[in-house]
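Spelled out, the chains give:
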Amino acid sequence: MTDEWQDISENDGLTLGPEEALAREIAKSKALKVERLRLKDQVERLTADNRSLREENEAVKNRRQDLAGGPEHSTDAAAVSPSDTPRSRSFVLPGRWAFLLLAFNLAAIGILLLFHLQKPIP
């Protein structure tokens, strides 16, 4: 038991006594425990973040399915085509908004035609 304490040396070549070597090992042990607790806390935080992102992803998928018309348009991760990427996704208007937009455009064209027809022809 005393042999293992006698061969411990510092970086500058000095040999440590048993008390200094024990104090150094205790300090290393404390540092490792602190690091382990820090890593455990980080793992818990990342797990919670992962869980919340997964729930948010599911909510977005459900909202997208509701807007697209139901579960028959659902996309799994394996069935996603390159055209479904966020950059190339087309915006789908609900039927009510499309009808109102069409009515507004037809009214604007009608008014422009009336103004154009009221001009005297030179």
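Residues numbered from 1 in each chain as written. Predicted model: local features only at pLDDT ≥ 70, side-chain atom pairs only at ≥ 80, totals over all residues. Heavy atoms only, no water.

Caption draft 1: Focus on the overall build of the chain. In terms of helices and strands, the chain carries 3 helices and 0 strands. Starting at the N terminus and ending at the C terminus, the chain contains elements arranged as α-α-α. Looking at the chain as a whole, 3% of its 122 residues qualify as buried. Counting only carbon and sulfur atoms, one obtains 62% of the accessible surface of the chain, whose full area is about 11400 Å². (Helix = DSSP H or I, 4+ residues; strand = E, 2+ residues; numbered from the N terminus. Buried < 20%, exposed > 50% of the residue type's maximum accessible area, 1.4 Å probe, protein only. Areas by Shrake-Rupley, 256 points an atom, 1.4 Å probe, with all protein chains shown as cover.)

Caption draft 2: Molecular detail of the pattern of salt bridges. According to the stated counting rule, one finds 3 salt bridges in the structure shown. Linking R38 and E35 is a salt bridge whose minimum nitrogen-to-oxygen distance equals 2.7 Å. With a gap of 3 residues between them, R38 and E35 both fall in helix α2 (residues 18–68), about one helical turn apart. (Salt bridge = Lys/Arg side-chain N within 4 Å of Asp/Glu carboxyl O.)

Caption draft 3: View of α2. Taking 1.5 Å of rise per residue, 51 residues should cover 75 Å, and α2 covers 74 Å from first to last C-alpha, within 8% of that figure. G69 sits one or two residues past α2 and shows a positive phi near 115°. (Expected span 1.5 Å × (residues − 1).)

Caption draft 4: How the structure looks around a nonpolar patch on the surface. On the surface, W97, F99 and L100 cluster together to form a nonpolar patch covering roughly 370 Å² of accessible area. In this structure, W97 sits in helix α3 (residues 95–118). (Patch = residues over 30% accessible without salt bridge, like charges linked within 9 Å, V, L, I, M, F, W, Y side chains within 5 Å.)

Caption draft 5: Structural detail: a positive patch on the surface. Taken together, K30, K33, R36 and K40 make up a surface patch of like positive charges. Within the fold, K30 resides in helix α2. K30 gets classed as exposed once you look at its relative accessible area, which sits at 57%. (Lys, Arg positive; Asp, Glu negative; His and termini not counted. Charge placed at Lys NZ, Arg CZ, Asp CG, Glu CD.)

Caption draft 6: View of α3. Compared with the 34 Å implied by 1.5 Å per residue over 24 residues, the 35 Å span of α3 between its first and last C-alpha is a close match. Little of α3 sits out of view: just 0 of its 24 residues are buried.

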